[in-house]
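Results of the structural survey
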Amino acid sequence: MQDYFLNFFSKMKHSLHMIKLRLTGNKFFSNTVWILFGRVLQMSLQLIVGMITVRYLGPSNYGIIEYTKSYVAFLAVIAALGLSNIAVKELLEQPDKQGQTLGTMIAFRICCGILSTAIITLLVYFVDNGDTLIMKVAFLQSLSLVFQSFELFNYWYQSKLESKTSIKIQTIAYIIMATYKIVILILQKNVTWFAFTTTLESMAIALFLFLSYRRKKGPKLSFSFQRGIHILRQSYQFVLSGIMVLIYNHMDRIMLKQMLNESVVGQYSAAMNISLMWTFILNALTSSAEPVIISAKKKDEALYIKQLKRVYAAIIWIGIFVAGGIFLCSEWIIRIMYGNAYLPAVPILRITVWHAILAMLGATRGIWIVCENKAKYVKYILGIGAVLNLVLNYMLIPAWGAAGAAAATLITQFTTAVVAPLFFRGTRIHTKYVIEAFLLKGIK
């Protein structure tokens, strides 16, 4: 038995090394390194400024920020129109129409962003009985949806494996936002000032991305309603899927606020933020891998599957080691980062820390879905997850509080990532790929 485990971990170490060396060429790793550098810098700022902010606001005010952010997240999926899921594919497959593709997608998203801001404000007004503070916070946060439309320029850079440009821009914007937070902390401003930080960051990113695109002489932007309809016919499935994902990623905060109080939402969100803080590593990997996997699909089916498994294996095993470390040190981490007021978040963190692995597997599955043209299955898989999550939240929150919400989300994510695809003939093979990646099989 000892020899078995030694051989297994030796194989795992070798395979992870092969993932690094053989996933693709130098341009892939250069791109990934730039993404990682940007994310590390952003995470460092987020860690320092975020710690001070969460302590300053306290569980109640921080809970209001996170509660209204859940509404924004729901409408963000609709406002995004599922375009992020197919943008790289569209840009790669029709390079002569890149300007028209980008211009049309951005125009559609701006219109949806404006409409979504109005809907969020009205929705919060009715749900929270006209609470003025919550309405102000929701409105200031929802404005970010308009400016996020310009983040579609990121996918133009991704399609060229030049993410370093967009990462530089995002990092500069994040520094501006962090500076703004520091200033309002020094001036001891109220929660509404903090609600504007997300919108400020989106505004800065939008401006810098547009200027950079012009400076690099990107294709001239144009608008085509027919082109937009063609794109939406491919992307609408992802809108439905995104809503389903958000039901089990954000409905927990809304239900916790309505069933308990905003302080519990603050503690729950603090734990969730720590759980997801390190996922920039996995995001960098998958962002750089997407165009590589899509290109491999066109050339070599065996290589395409191998590349896919390598990314899954990296997600799983990096995730296990990081999550295990956070699990063991959870009380110490909460105490150091947020103080004694957030200690009730410790048992929540011990559950939520495992969310990231399953969430990233589900997100990366989107690449496979696009390559295999199996978008029709996504709404069914995530629909199962959405219903399951709502039922589990209603059952577990009254019994276990915020820990119950965390457990409900963990069970749901495992179901959608591994179990639900088995229910459909067209997606069963994907679960096989995930299991083989876990066992480090077929990735050499």
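Keep in mind the model is a prediction, meaning the values are calculated, not measured.

Moving on: the overall build of the chain. A count of helices and strands for the chain gives 20 helices and zero strands. By the burial criterion, 55% of the 444 residues in the chain qualify as buried. With the model as given, the accessible surface of the chain reaches about 19300 Å², and the carbon-plus-sulfur share is 66%.

It is worth spelling out the pattern of salt bridges at this point. On inspection of all chains with the given rule, the structure shows nine salt bridges. Here glutamate 66 and lysine 69 are joined by a salt bridge, their closest N and O atoms 3.2 Å apart. One end of the pair is glutamate 66 and the other is lysine 69, both in helix H2 (residues 26-80) and three residues apart, which spans about a single turn. According to the relative accessible area criterion, lysine 69 is partly exposed, its value standing at 31%. One salt-bridge network, in which partners are shared between bridges, spans Glu66, Lys69, Asp252 and Arg253.

What follows covers the packing of helix H14 (residues 301-328) against helix H20 (residues 428-438). Direction vectors running N to C along H14 and H20 enclose 55 degrees, while the axes themselves pass 8 Å from each other. As the angle between them shows, H14 and H20 are arranged oblique. Read as a crossing pair, H14 and H20 show a hand that is right-handed. Along its contact with H14, which presents Ile305, Leu308, Lys309, Tyr312, Ala313, Ile316, Trp317 and Ile320, the element H20 presents His430, Tyr433, Val434, Glu436, Ala437 and Phe438. Here the residues of the contact of H14 with H20 sort into eleven nonpolar, one polar and two charged.

One pass over the full model with this rule turns up 14 aromatic pairs. Note on phenylalanine 153 and phenylalanine 210: the rings are 6.5 Å apart at their centroids and 50 degrees apart in plane angle, and the pair reads as tilted. One end of the pair, phenylalanine 153, is in helix H7 (residues 153-159); the other, phenylalanine 210, is in helix H10 (residues 197-215), with 57 residues separating them in the sequence. Each ring, one from tryptophan 317 and one from phenylalanine 438, has its centre 5.3 Å from the other, and the planes form 10 degrees; the classification is stacked. Of the two residues, tryptophan 317 sits in helix H14 while phenylalanine 438 sits in helix H20, which places them 121 residues apart along the sequence. The class for phenylalanine 438 is partly exposed, based on a relative accessible area of 37%. A connected cluster of aromatic rings, assembled from ring pairs, spans Phe108, Phe223 and Phe225. Its guanidinium or amino end placed over the ring of tryptophan 193, lysine 189 lies 4.6 Å from that ring's centre, counting from NZ or CZ. One cation-aromatic arrangement involves lysine 257 over tyrosine 67; the distance from NZ or CZ to the ring centre is 5.1 Å.

Calculation criteria
All residue numbers here refer to positions counted from 1 along the written sequence of the relevant chain. Selection of residues for local features in this predicted model requires a pLDDT of at least 70, selection of side-chain atom pairs for listing and counting requires 80 or more, and totals for whole chains, interfaces and linings are taken over all residues. The side-chain numbers reported here are obtained from all heavy atoms of the structure, hydrogens and water having been left aside. Helix and strand assignments come from DSSP, with helices taken as H or I runs of at least 4 residues and strands as E runs of at least 2, each series counted from the N terminus. Burial here depends on accessible area, computed with a 1.4 Å probe over protein chains only, as a share of the maximum for the residue type. Under 20% is buried, over 50% is exposed, and the range in between is partly exposed. To measure how exposed things are, a 1.4 Å probe is used in the Shrake-Rupley method; for residues, cover is taken only from the protein chains shown. The salt bridge criterion pairs a side-chain nitrogen of Lys or Arg with a carboxyl oxygen of Asp or Glu, the two atoms within 4 Å. Between N-to-C directions, angles cover 0 to 180 degrees, with each direction set by a line fitted to C-alpha atoms, over the stretch in contact for helices. Put simply, angles under 35 degrees are roughly parallel, angles over 145 are roughly antiparallel, angles from 65 to 115 are roughly perpendicular, and the rest are oblique. By definition, turning the near helix anticlockwise from the far helix through less than a right angle yields a left-handed crossing, and turning it clockwise yields a right-handed one. Here, residues are in contact when the closest pair of their heavy atoms is within 4.5 Å. Residues are grouped as follows: Ala, Val, Leu, Ile, Met, Phe, Trp, Tyr, Cys and Pro are nonpolar; Asp, Glu, Lys and Arg are charged; all remaining types, including Gly, are polar. Geometry of aromatic contacts follows a simple scheme: Phe, Tyr and Trp rings, the Trp one being its six-membered ring, pair when their centres are within 6.5 Å, and the pair is stacked under 30 degrees between planes, edge-to-face over 60, tilted otherwise. Only when the NZ of Lys or the CZ of Arg is both within 6 Å of the ring centre and within 35 degrees of the ring normal is a charge said to sit over the ring.

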